[in-house]
Amino acid sequence: MPARVLVIGKGAREHALCWRLHQSQGVWKIYCAPGNPGAAQLAEPVAIASDDTAALIGFAREKKVELTIVGPEEPLAAGIVDEFERANLMIFGPTRAAAQLEASKSFAKSVMRAAGVPTASFEVFDDAQAARQYVRSHGAPIVVKADGLAVGKGVTVCSDTDAALAAISDALEQERFGAAGRRVVIEEFIRGEELSYFALCDGENAISLGIAQDHKAIFDGDQGPNTGGMGAYSPVPHLNGALDERIMREIVQPTLSEMKRRGTPYRGVLFVGLMMDGEQLIVIEYNARFGDPECEVLMMRFDGDLAETLLAAVDGRLESAPFRMSTKSAATVVLASGGYPGDYRKGLPITGLERIEGSEPSEAKVQWALKKIRVKVFHAGTALRDGTLVTDGGRVLAVTAMADDLATAVNAAYQAADMISFDGKQFRRDIGSRALAHAAGRG
């Protein structure tokens with residue numbers, strides 16, 4: 001059992017991990033590098049950037065950290081796990097080679113093809129003229145993806161040929177995505193319902209964390225530009241356990257087998273982005289870490305010792321991991337800065353959190369307690385300025401609630417979201433609406 005744990009990252013995902021780790025019985029010290037004001041209530045903040053691997057290793061050695069957990073994808077793609085392992089330090093996450101499942105879309109596609117995992121037909125290009133010729137011959141709609149990590153902005157769904165040609169030029173000629181766009185994957189457009197599936201993996205075995213749905217667009221009805229995620233919920237009520245088993249059998253286990261065959265066994269969280277059209281499942285992407293805001297709802301539903309479970313994944317003994325996922329529903333509503341995902345202001349005072357989590361009495365907290373509703377606000381982009389909590393990012397707070405059913409969880413999250421104020425606050429009002437429509441017979 002790890003007594004001292006280090007979490008790497010600074011967003012709501014890392015705050016949620018610290019929050020759940022704080023409930024692990026054997027953990028008595030949590031560090032978060034660099035952390036945020038919310039996580040600092042549970043973990044000691046460490047002024048080291050998440051990409052400063054040498055400094056993080058030095059800190060872990062000095063403090064005798066027994067388990068490190070990596071939140072963001074960039075350090076994983078850069079090989080932080082390899083460096084920690086060379087230093088004989090325990091760390092949860094995939095190696096650089098295994099993290100290519102997210103860091104290189106062409107690599108991920110080659111794994112899917114070799115493993116027999118269902119995915120959209122595709123071709124890979126580093127020559128703009130050849131890519132344009134392919135698009136003209138195949139037509140639209142079509143999807144153009146920068147091969148590497150592009151901070152969630154490298155995927156363009158093109159409704160017409162002109163848009164696809166522009167996306168090719170942006171990546172390969174204008175170098176809009178830098179090195180990440182020097183190669184593009186062009187694939188067929190798939191219609192359906194998008195799902196996020198999460199599994200903990202130890203290189204050979206996998207255990208499900210279940211299905212969630214993210215809301216990527218900035219405005220209600222999936223309108224406007226995509227963001228890092230404006231809300232999520234889990235589980236997806238109209239999808240039953242048979243689908244979970246099918247995803248594990250048809251996608252996760254073949255992927256792990258192929259990665260092991262290649263000599264790059266996958267350990268960590270495997271995030272499978274899926275499109276479901278009727279009974280057809282199509283994999284659109286892999287991610288090599290917890291999603292955000294999906295992590296927030298998963299950590300609300302996680303029932304067990306997170307530190308011991310993640311250590312079991314590192315040790316290759318995941319089958320004995322002591323956890324289950326609650327049957328309750330969780331929903332997250334992200335409060336974002338005005339102007340996000342474009343330009344936005346920072347340093348705006350935030351008020352109202354004390355009405356949700358502080359000692360100040362409120363009618364809402366009484367009702368939540370009576371109905372056994374759990375409400376938690378995770379900090380995504382906040383800072384302290386002269387003792388005042390202020391905005392410090394595009395996504396500011398992830399307001400999360402868990403209840404017996406999704407409708408109650410969603411209502412509680414919105415009730416809490418309305419209690420928080422800062423200038424320019426924006427958020428979607430339709431988180432979970434697709435699932436609620438299914439439940440009402442309108443899906």
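Predicted, not measured: the structure shown is a model, and the values here were computed from it.

(A) Main features of the overall build of the chain. A count of helices and strands for the chain gives 15 helices and 23 strands. For 443 residues, the compact-globule estimate of 2.2 N^0.38 gives 22 Å, and the chain sits close to it at 21 Å. Each principal axis of the C-alpha distribution contributes one length, and for the chain these read about 65 × 50 × 45 Å. Among the 443 residues that make up the chain, the fraction classed as buried is 59%.

(B) Here's a closer look at the sheet that holds strand 23 (residues 395-403). Strand order in the open sheet made by the eight strands is 16-15-10-11-14-19-23-20, with antiparallel pairing throughout. Pairing within the sheet leaves two strands with one partner each, and these edge strands are strand 16 (280-287) and strand 20 (374-379). Averaged over all neighbouring strand pairs, the angle between strand axes comes to 25°, with direction disregarded. One ladder, built from six bridges, connects strand 20 with strand 23; its direction is antiparallel. By the bridge assignment, Lys376 is partnered in strand 23 with Thr400. Docked against the sheet, helix 9 (residues 241-261) engages strand 10 (193-202), strand 11 (206-214), strand 15 (267-277) and strand 16, running at close to 115° with respect to strand 11.

(C) Region of interest: helix 9. Across its 21 residues, helix 9 extends 29 Å between first and last C-alpha, which sits within 8% of the 30 Å expected from 1.5 Å per residue. Of all bends in helix 9, the biggest is about 35°, found at Met248. Along helix 9, the residues that are buried comprise Leu243, Asp244, Arg246, Ile247, Met248, Ile251, Val252, Pro254, Thr255, Leu256, Glu258 and Met259. Looking at the buried residues of helix 9, the elements they touch are helix 5 (100-103), helix 6 (105-115), strand 10, strand 11, strand 15 and strand 16. A positive backbone phi angle near 80° is found at Gly263, which sits one or two residues after helix 9.

(D) Main features of the environment of Ile190. Positionally, Ile190 belongs in the loop between strand 9 (184-188) and strand 10. Relative accessible area serves as the criterion here: at 18%, Ile190 is assigned to the buried category. In sequence terms Ile190 and Thr119 are 71 residues apart; their C-alpha atoms lie 9.3 Å from each other. Those residues in contact with Ile190 that sit more than four places away from it in its chain are Ala120, Met275 and Ile282.

(E) Fine view of the sheet that holds strand 7 (residues 142-146). Ordered in space as 6-9-7-8, the four strands form an open sheet in which the pairing is antiparallel. The outermost strands of the open sheet, each flanked by one partner alone, are strand 6 (122-125) and strand 8 (155-158). Strand-to-strand twist in this sheet, taken as the mean axis angle between neighbours without regard to direction, amounts to 20°. Pairing of strand 6 with strand 9, which is carried by four bridges, proceeds in the antiparallel orientation. Counterpart to Val124 in the pairing with strand 9 is Val185. Relative to the sheet, helix 6 contacts strand 6, strand 7, strand 8 and strand 9, its axis offset from that of strand 9 by approximately 45°. Where helix 7 (residues 128-138) meets the sheet, it contacts strand 6, strand 7 and strand 9, and its direction lies at approximately 155° from that of strand 6.

(F) Spotlight on the pairing of strand 23. Burial runs high along strand 23: nine of the nine residues are buried. Alignment of strand 19 (residues 329-336) against strand 23, held across eight bridges, turns out to be antiparallel. The residue bridging Leu335 from the neighbouring strand is Leu397, located in strand 23.

(G) Local environment of the side chain of Lys109. As for its position among the elements, Lys109 is in helix 6. By relative accessible area, which is 2% here, Lys109 ends up buried. Polar contacts involving the side chain of Lys109 include one to the side chain of Thr119, which spans 2.7 Å. Other than its neighbours up to four places away in sequence, Lys109 contacts Thr119, Ala120, Phe122, Val185 and Glu187.

(H) Here's a closer look at the pattern of salt bridges. Within this structure, the stated rule accounts for 29 salt bridges. With a closest N to O distance of 3.2 Å, Lys260 and Glu204 form a salt bridge. One end of the pair, Lys260, is in helix 9; the other, Glu204, is in the loop between strand 10 and strand 11, and 56 residues separate them in sequence. Among the salt bridges present, the one from Arg434 reaches Asp222, with a minimum N-O distance of 3.5 Å.

(I) Spatial organisation of the environment of Glu285. Here Glu285 is to be found in strand 16. Glu285 sits in the partly exposed class, given a relative accessible area of 23%.

(J) Representation of the side chain of Arg428. When you line up the elements, Arg428 lands in the loop between helix 14 (406-418) and helix 15 (433-439). Within the structure, Arg428 has its side chain in polar contact with the backbone oxygen of Ala217 (distance 3.1 Å). Polar side-chain contacts of Arg428 include one of 3.4 Å to the backbone oxygen of Phe219. With residues up to four places along the chain from it excluded, the contact list for Arg428 reads His215, Lys216, Ala217, Ile218, Phe219, Asp220, Gly221, Asp222, Met230, Val333 and Tyr414.

(K) Inspection of the packing of helix 1 (residues 12-21) against helix 10 (residues 294-301) at higher detail. At their nearest, the axes of helix 1 and helix 10 sit 8 Å apart, and the two run at 10° to each other. The pairing of helix 1 with helix 10 is recorded here as roughly parallel in orientation. On helix 10, the residues that touch Ala12, Arg13, Ala16, Leu17, Trp19 and Arg20 of helix 1 are Cys295, Glu296, Met299 and Met300. Residue composition of the contact of helix 1 with helix 10, by class: seven nonpolar, no polar and three charged.

How each quantity is defined
- Residues numbered from 1 in each chain as written.
- Predicted model: local features only at pLDDT ≥ 70, side-chain atom pairs only at ≥ 80, totals over all residues.
- Heavy atoms only, no water.
- Helix = DSSP H or I, 4+ residues; strand = E, 2+ residues; numbered from the N terminus.
- Rg over C-alpha atoms; globule rule 2.2 N^0.38 Å.
- Buried < 20%, exposed > 50% of the residue type's maximum accessible area, 1.4 Å probe, protein only.
- Pairing = 2+ DSSP bridges.
- Axes fitted to C-alpha atoms, helices over the stretch in contact; angles between N-to-C directions.
- Contact = heavy atoms within 4.5 Å.
- Expected span 1.5 Å × (residues − 1).
- Bend = angle between axes of the 7 residues up to and from the residue.
- Polar contact = N/O pair within 3.5 Å; in protein donor to acceptor, adjacent residues only side chain to side chain.
- Salt bridge = Lys/Arg side-chain N within 4 Å of Asp/Glu carboxyl O.
- Parallel < 35°, antiparallel > 145°, perpendicular 65-115°, else oblique.
- Nonpolar A, V, L, I, M, F, W, Y, C, P; charged D, E, K, R; others polar.

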